[in-house]
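Per-entry structural report
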Amino acid sequence: MCTAGAPKVCVSRAHEGVLPEVVPKARHALELLSATPLVEAHEDTSTIFPPTSPRPRADTVLMAITIDKHGHLADPDRLEARMLTEVFTGPLNCENTRDIEAATAAAAWLLDREPTTGFNGFEFDVPETARLFKGLTALPPAEAGARVTALYQAARKCRATTGLLTRSAW
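Now for a description of the structure that goes with this document. Only a predicted model underlies this, so the values are computations on that prediction, with no experimental measurement involved. Within each chain, residue numbers correspond to sequence positions counted from 1 in written order. With pLDDT at 70 or above as the cut-off, local features in this predicted model cover only qualifying residues; side-chain atom pairs require 80 or more to be listed or tallied, and sums for whole chains, interfaces and linings still use all residues. In computing side-chain properties, one takes all heavy atoms of the structure into account and sets aside hydrogens as well as water.

It is worth spelling out the pairing of strand β2 (residues 40-43) at this point. Each regular strand displays side chains that alternate between the two surfaces of the sheet. The buried label applies to any residue whose accessible area, calculated with a 1.4 Å probe on protein chains only, is under 20% of its type's maximum; exposed applies above 50%, and partly exposed to all values in between. Strands are runs of DSSP state E lasting at least 2 residues, helices are runs of H or I lasting at least 4, and numbering of each runs from the N terminus. Neither face of β2 is open: one carries E40 and H42, the other A41 and E43, and all of them are buried. Alignment of strand β1 (residues 8-10) against β2, held across 3 bridges, turns out to be parallel. Along β2, the bridge assignment pairs K8 with E40. Consider the strands pointing away from the viewer: the crossover is right-handed when the path from the first strand over the helix to the second runs clockwise. This β-α-β element, β1 to helix α1 (residues 19-32) to β2, shows left-handed connectivity. Strand pairing is defined by DSSP finding a minimum of two bridges between the two strands. Where β2 and strand β3 (residues 60-63) come together, 4 bridges link them in parallel fashion. Within β3, the position partnered with A41 by the bridge is V61.

A few words on the pattern of salt bridges. The rule for a salt bridge is simple: a side-chain nitrogen of Lys or Arg has to be within 4 Å of a carboxyl oxygen of Asp or Glu. One pass over the structure, following the stated rule, counts 4 salt bridges. Residues R57 and D59 are paired through a salt bridge, measuring 3.2 Å at the closest nitrogen-oxygen approach. A relative accessible area of 36% places R57 in the partly exposed class. By relative accessible area, which is 22% here, D59 ends up partly exposed. Residues participating in the shared-partner salt-bridge network are E40, R57 and D59.

Written as structure tokens, this is what we have:
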């Protein structure tokens, strides 16, 4: 089920009831990524058994949708951060180059809020994420934006992203 307007946001039929909850958050995340080719958000319908996943598309952000026991979006305050973190980690087949701490820090910088540390917004203490975030916020916005853009570009191409948010990469 997809929205009629742009940017397009799609969820599975099983989750169509939460589309109104998902749309504003997904569109906000896409707005923050306006300098990238990402123009759509689709629910990640990957399954473990049988092993299936959506075909990757250069213009689409995948989002994990979880429903709470009341039939609403679980953890709605984390949807944008999870989406953005995924964008900055790159495709799943980039296993050896995925820097979750840098991706989480970049997502938090775009959202202009302290990071919820850990992959997919799971809360556990990762001092490196907090350090990277503080480093970005201390920079002039143009320089921080350039570093976040470099992180995105490297992640999309499965290149190493470690150090791209710090002076060690410049």
